[in-house]
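# A look at the structure
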Amino acid sequence: MRTLIKHVLHREEPTEEIHVAGWVRTRRDSKTFSFIELNDGSCLVNLQVVADSGMPGSDDLHHMSTGSSIEVKGRLVESPAKGQKWEMQATEIKLLGAAPDDFPLQKKGHTPEFLRSISHLRPRANLYGAVFRVRSRMAYAIHRFFQERDFFYVHTPIITASDCEGAGEMFRVTTLPDHDAANDAEDFFGKRAFLTVSGQLEGEAFACALSNIYTFGPTFRAENSHTSRHASEFWMVEPEMAFCDLEGDMDVAEAMVKFLVTEMLEHQEGDLDIFARFVDKGLKERLEFVKDRPFERISYTDAVDLLIKSGVKFEYPVQYGHNLQSEHERWLTEEHFKCPVTVFNYPKEIKPFYMRLNEDDKTVTAMDVLVPGIGEIIGGSQREERLDVLLENFERHGIDPGHYDWYADLRKFGTVPHAGFGLGFERLLMFVTGMHNIRDVIAFARTPGHCEF
Ligand code: 4AD
Ligand code: MG
């Protein structure tokens, strides 16, 4: 049976015969043998294969160029070369698929833009292989974090009729040939349907039954933001906790970020190295720092004060009652506190209808977790659990309560204080890898004007 190269490289003892397969990264030939650097994607490091000319399959050696796929049988022997414990002395080698000279990943040093245009081959580049191994590991760690704390995983719908964030940035789902508003009733679902922007509202229904739940799935936003942090399709992790207030919400959010950062530091050694070398020299230090220190917490009002008093000339001036811009968020985390910052209690006017109104009648129990290099990676809140206040919120936000009667029911029947948040999974990945553009941590990215593959 085939052994993954990752396991081969970790062996304590040399072996009798083993069998590996993968893609050729490079090949060097001498008169009597060839050196092949082989990678099967299981880890960053290549296995060096030494193949003598004359062995079974060696007639094809000259076809085993960069990008081709091969199968090798042989023995592991201690490598005389520096920096590697083992190499493989091949006894049999077989070409599976050649890769002609126009294989685009011949040389290193391609731009991220070019690599995006070959997203189907991109995971074979070392850096991107690492990104997507980390993505898998982080998804697993998210399940572990919540499962070990008695949260249940709930699958909320992808097609929905409600706009959770109330921002109207939704993709329409329709089978009608023309998207005429007048004939909604003739549409597939007999009403208007959209791709979800968040599983929160449905998540609340389940928290108000199972106590602690989380969702983790794709979400969609039709916002026309051309930034390195916005995608039209991205994944969100949304825990929701009954009998929980804003304080408890922030505790869980911060603990989760620390857990994921620790997981990255402890389990992703090989891959972490490549990010630290080629993407962000300060990465390890920053992750260690986040792991070890408490996050700063500051109210929106105090944060605005700090920003105004800073005297910094921002592109967008800071003003109470306006959303914090990414440059403001980055000043707080990178320049001022130099650590992750949780900002809470935002003005009610700039936040969605479901957030709980504070006693001051001006602010709501919103919280955003901001991290250096990115800004917001988490947005959450305590939810309005008082039916009368929720109904007032609907009115203030111009929402037809008829669309949300089921949501109001959760307040009518056995209402409880509850809270939750959403972690942008790709923003987290950018944070733990140092990758600068969200499109480079998504397998096949969807952004305004881009839906290739
Ligand atoms: O702050 P947001 O909009 O909050 C919600 O959707 C709430 N319903 C979450 C909740 O309380 N259950 O989004 C949450 C996070 C943001 O902090 C950000 O990390 C990410 O989702 N996000 C995006 N990531 C990539 N591309 C986009 N267009 C994103 N919009 C939000
Ligand atoms: Mg937000």
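### Points about the overall build of the protein chain
Each helix and strand in the protein chain was counted, giving 12 helices and 16 strands. With the C-alpha coordinates aligned to their principal axes, the bounding extent of the protein chain is approximately 85 × 55 × 45 Å. Counting all 453 residues of the protein chain, 52% fall into the buried class. In the protein chain, once contacts between residues fewer than 6 apart in sequence are set aside, the share between residues at least 24 apart is 66%. In the form shown here, the protein chain has an accessible surface area of approximately 21,900 Å², with 52% of it arising from carbon and sulfur atoms.

### Section: the packing of helix 3 (residues 126-147) against helix 12 (residues 425-433)
Packing of helix 3 against helix 12 brings their axes to within 11 Å, and their N-to-C directions diverge by 120 degrees. Crossing geometry of helix 3 relative to helix 12 is assigned as right-handed. Between helix 3 and helix 12, the contacting residues are Val-134, Arg-135, Met-138, Ala-139 and Ile-142 on the first element and Phe-425, Glu-426, Leu-428, Leu-429, Val-432 and Thr-433 on the second.

### Brief notes about the site of ligand 1
Around ligand 1 sit 25 residues, and of these Glu-165, Gln-200, Arg-221, Glu-238 and Glu-376 come closest. In the environment of ligand 1, a nitrogen atom lies 2.7 Å from a nitrogen or oxygen atom belonging to the side chain of Glu-238. The separation between an oxygen atom of ligand 1 and a polar main-chain atom of Gly-379 is 3.3 Å. Here ligand 1 has 630 Å² of accessible area as a free molecule, and 93% of this is covered by the chains. Its atoms largely coinciding with the cavity grid, ligand 1 occupies the second largest pocket. Broken down by secondary-structure element, the contributors of at least two residues to the shell around ligand 1 are strand 11 (233-242), strand 15 (375-382) and strand 16 (418-424). Considering each element in turn, the shell around ligand 1 owes the most residues, 5 residues, to strand 15. Across the shell around ligand 1, the residue classes break down as 9 nonpolar, 8 polar and 8 charged.

### What about the pattern of salt bridges?
Any two side chains of opposite charge can pair, so long as their charged atoms come close to each other. Scanning the model with the defined rule gives 24 salt bridges in all. Across the pair Asp-29 and Arg-27 runs a salt bridge whose closest N-O atoms are separated by 2.8 Å. For Asp-29, a relative accessible area of 48% translates into the label partly exposed. Notably, a salt bridge pairs Arg-172 with Asp-184, separated by 3.2 Å at the nearest N-O pair.

### A look at the layout of surface pockets
The volume enclosed by the largest pocket comes to roughly 1,600 Å³. Leu-44, Ala-125, Asn-126, Leu-127 and Ile-274 are, among the 50 residues lining the largest pocket, the residues nearest its centre. Elements with a contribution of two residues or more to the lining of the largest pocket: helix 1 (5-9), strand 1 (17-29), helix 2 (112-117), helix 3 and helix 6 (269-278). No other element matches the 7 residues that helix 6 contributes to the lining of the largest pocket. Taken together, the residues that form the lining of the largest pocket break down as 18 nonpolar, 17 polar and 15 charged. By volume, the second largest pocket amounts to about 1,200 Å³. Residue lining of the second largest pocket: 46 residues in total, with Arg-221, Glu-223, His-230, Glu-376 and Arg-427 positioned closest to the centre. For the lining of the second largest pocket, the elements supplying multiple residues, two or more each, are strand 11, helix 9 (326-336), strand 14 (363-371), strand 15, strand 16 and helix 12. When its residues are assigned to classes, the lining of the second largest pocket shows 16 nonpolar, 15 polar and 15 charged.

### Examining unusual backbone geometry
Of note in the backbone geometry, Asp-150 takes a positive phi value of approximately 65 degrees without being a glycine. Structurally, the position occupied by Asp-150 is in the loop between helix 3 and strand 6 (152-153). The phi torsion at Asn-345 lies on the positive side, around 55 degrees, for a residue other than glycine. Position of Asn-345 relative to the elements: it lies in strand 13 (residues 341-347).

### Remarks on the environment of Cys-208
Mapped onto the secondary structure, Cys-208 falls in helix 4 (residues 200-210). Residues Cys-208 and Ala-242, 34 residues apart in the sequence, show an inter-C-alpha distance of 6.0 Å. In this structure, Cys-208 is in contact with Val-416 and His-418, ignoring residues within four places of it in sequence.

### Notes on the packing of helix 4 against helix 11 (residues 405-412)
Axis separation between helix 4 and helix 11 bottoms out at 10 Å; the angle between their running directions is 30 degrees. For the element pair helix 4 / helix 11, the angle class is roughly parallel. Crossing of helix 4 against helix 11: the hand is left-handed. Residue-level contacts link Gln-200, Leu-201, Glu-202, Glu-204 and Ala-205 of helix 4 to Trp-406, Tyr-407, Leu-410 and Arg-411 of helix 11. Taken together, the residues of the contact of helix 4 with helix 11 sort by class into 5 nonpolar, 1 polar and 3 charged.

Thresholds applied
- Residues numbered from 1 in each chain as written.
- Chains lettered and ligands numbered in written order.
- Predicted model: local features only at pLDDT ≥ 70, side-chain atom pairs only at ≥ 80, totals over all residues.
- Heavy atoms only, no water.
- Helix = DSSP H or I, 4+ residues; strand = E, 2+ residues; numbered from the N terminus.
- Buried < 20%, exposed > 50% of the residue type's maximum accessible area, 1.4 Å probe, protein only.
- Contact = heavy atoms within 4.5 Å.
- Areas by Shrake-Rupley, 256 points an atom, 1.4 Å probe, with all protein chains shown as cover.
- Axes fitted to C-alpha atoms, helices over the stretch in contact; angles between N-to-C directions.
- Left-handed = near helix turned anticlockwise from the far one by under 90°.
- Near = heavy atom within 4 Å.
- Polar contact = N/O pair within 3.5 Å; in protein donor to acceptor, adjacent residues only side chain to side chain.
- 1 Å grid on protein atoms, 1.4 Å probe; cavity = no way out; pocket = protein on both sides within 12 Å on 5 of 7 lines; lining within 4 Å.
- Sits in = over half its atoms within 2 Å of the grid points.
- Nonpolar A, V, L, I, M, F, W, Y, C, P; charged D, E, K, R; others polar.
- Salt bridge = Lys/Arg side-chain N within 4 Å of Asp/Glu carboxyl O.
- Points joined across faces, edges and corners; volume = space filled by probe spheres on them.
- Parallel < 35°, antiparallel > 145°, perpendicular 65-115°, else oblique.

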